[in-house]
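The chain contents come next:
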Amino acid sequence: MRKRVDMSAKILVVDDEPGVRDMLCDALSIAGYEPTAVNDGFAAHLMLRDHKFDLIITDINMPVMDGYELLERLRALGNNIPAILLTARGERADVTRGLKLGADDYVTKPFGLEELTLRVAAILRRTQDVAALVAPAVIAVGPVELDEDAHSVRVGGQLVDLSPTEFKLLHELMKRPGKVVTKNQLLDVVWGMGFANNASVVDTYISYLRKKIHIDGFEGIRTVRGIGFQIVGAE
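Residues numbered from 1 in each chain as written. Predicted model: local features only at pLDDT ≥ 70, side-chain atom pairs only at ≥ 80, totals over all residues. Heavy atoms only, no water.

## Considerations on the sheet that holds strand E10 (residues 181-182)
Whether parallel or antiparallel, the strands of a sheet pair through hydrogen bonds between backbone atoms.
Alright, step 1. Strand order across the open sheet formed by three strands is E10-E12-E11, with antiparallel pairing between neighbours. A single partner strand is all that each edge strand has here, and the edge strands are E10 and strand E11 (221-224).
Alright, step 2. Where E10 meets strand E12 (residues 228-231), two bridges bridge the pair, whose relative direction is antiparallel. Following the sheet pairing, Thr182 is matched in E12 by Gly228.
Alright, step 3. Against the sheet, helix H6 (residues 164-174) makes contact with E10, E11 and E12, and its axis sits at roughly 75° relative to E12, the strand it touches most.
Alright, step 4. Lying over the sheet, helix H8 (residues 200-213) contacts E11 and E12, oriented at roughly 150° with respect to E11. (Pairing = 2+ DSSP bridges. Helix = DSSP H or I, 4+ residues; strand = E, 2+ residues; numbered from the N terminus. Contact = heavy atoms within 4.5 Å. Axes fitted to C-alpha atoms, helices over the stretch in contact; angles between N-to-C directions.)

Structure representation (structure tokens):
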């Protein structure tokens, strides 16, 4: 039996044309989804930093930050939100570039709303199936367990009280166990791009985290000099 799509899925619409944004949001609402609209890639990047969405529909040609740059930044940060590109361009090179950057599908303007909503449903059905299979309820690295739904962290079974910023910083590290996360990536996703010239804030909060979770012999948050930080479970 075919799995039904979660019709309460949250969809971010990114387009600099008000008429297109309104049309898309109306069509998605009628289809049962929960759309939110912004007018450029920069605004979308900030929105995705603080809110969860199930899919993004983004135009390519936009001021401030175009769809390509938005997608490239998201993928560099490990954000794999499904994405549909809207483009008036018909050149194969533009389509290829978008797909290489991690787009799941593309629609060439002008497009039919029924076609678009069918593509949305197909992508959500596929990604929701995958998420149900692979998304862990709790992320664990060594003795550290992070439950995103409960917004709780335990070290060796002991509950640790973290501030919202500390929690988000730890989550970004734990999503990539053993991998180095750069200071710029952490600044971007945890604090927003406005802090780009103040890298010392990352060091400060890393020291806060270490004081709280480096207990009972665990010292998993490591500094990679000149690059960033990583979290490891054991030697």
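Right, picking up where we left off after that structure.
## Side note on the packing of aromatic side chains
Alright, step 1. In this structure the tally under the stated criterion is one aromatic pair.
Alright, step 2. A ring pair is formed by Tyr205 and Tyr208, whose centres lie 5.1 Å apart and whose planes are at 70°; its orientation type is edge-to-face. Here the residue Tyr205 and the residue Tyr208 both occupy positions in helix H8, the gap between them amounting to three residues, near one helical turn.
Alright, step 3. Among the residues examined, Tyr208 registers a relative accessible area of 34% and is labelled partly exposed. (Phe/Tyr/Trp six-rings, centres within 6.5 Å; stacked < 30°, edge-to-face > 60°. Buried < 20%, exposed > 50% of the residue type's maximum accessible area, 1.4 Å probe, protein only.)

## Comments concerning empty space enclosed by the protein
Alright, step 1. Counted by the stated rule, this structure contains one cavity of 30 Å³ or more.
Alright, step 2. Of the voids in this model, the largest cavity is the one considered here, and its volume is about 50 Å³.
Alright, step 3. Along its surface, the largest cavity is lined by Ile60, Tyr68, Leu85, Thr87, Asp94, Val95, Gly98, Leu99 and Tyr106.
Alright, step 4. Listing elements by their share of the lining of the largest cavity, those giving two or more residues are strand E4 (83-87) and helix H4 (92-100).
Alright, step 5. Tallying contributions element by element places H4 first for the lining of the largest cavity, with four residues.
Alright, step 6. Looking at the lining of the largest cavity residue by residue, the class counts come to six nonpolar, two polar and one charged. (1 Å grid on protein atoms, 1.4 Å probe; cavity = no way out; pocket = protein on both sides within 12 Å on 5 of 7 lines; lining within 4 Å. Points joined across faces, edges and corners; volume = space filled by probe spheres on them. Nonpolar A, V, L, I, M, F, W, Y, C, P; charged D, E, K, R; others polar.)

## Let's talk about the sheet that holds strand E7 (residues 144-147)
Alright, step 1. One open sheet accounts for four strands, arranged E6-E7-E8-E9; its pairing is antiparallel. Strands at the two margins of the open sheet, each flanked by one partner only, are strand E6 (139-141) and strand E9 (158-160). Mean inter-strand twist for the sheet, computed between neighbouring axes without regard to direction, equals 25°.
Alright, step 2. By the bridge criterion, three bridges tie E6 to E7 in an arrangement that is antiparallel. When the sheet's bridge partners are listed, Val141 is paired in E7 with Val144.
Alright, step 3. Along the sheet, H6 makes contact with E6, E7 and strand E8 (152-155), crossing E7 at roughly 110°.

## Concerning the side chain of Thr117
Alright, step 1. Mapped onto the secondary structure, Thr117 falls in helix H5 (residues 113-134).
Alright, step 2. Polar contacts involving the side chain of Thr117 include one to the main-chain carbonyl oxygen of Glu114, which spans 2.9 Å.
Alright, step 3. Thr117 has contacts with Ala27, Ala31 and Tyr33, leaving out every residue within four places of it along the chain. (Polar contact = N/O pair within 3.5 Å; in protein donor to acceptor, adjacent residues only side chain to side chain.)

## A closer look at the pairing of E8
Alright, step 1. Relative to E8, E7 is paired through four bridges, and the arrangement is antiparallel. Bridge assignment links Leu146 to a residue of E8, and that residue is Val153.
Alright, step 2. Hairpin connection of E7 to E8: four residues between the antiparallel strands, including His151 at a positive phi of 50°.
Alright, step 3. In this sheet, E9 lies alongside E8 in antiparallel orientation, the contact comprising three bridges. If you follow Val153 over to E9, its bridge partner there is Val160.

Everything listed here is a matter of geometry and, on its own, says nothing about what the molecule does.
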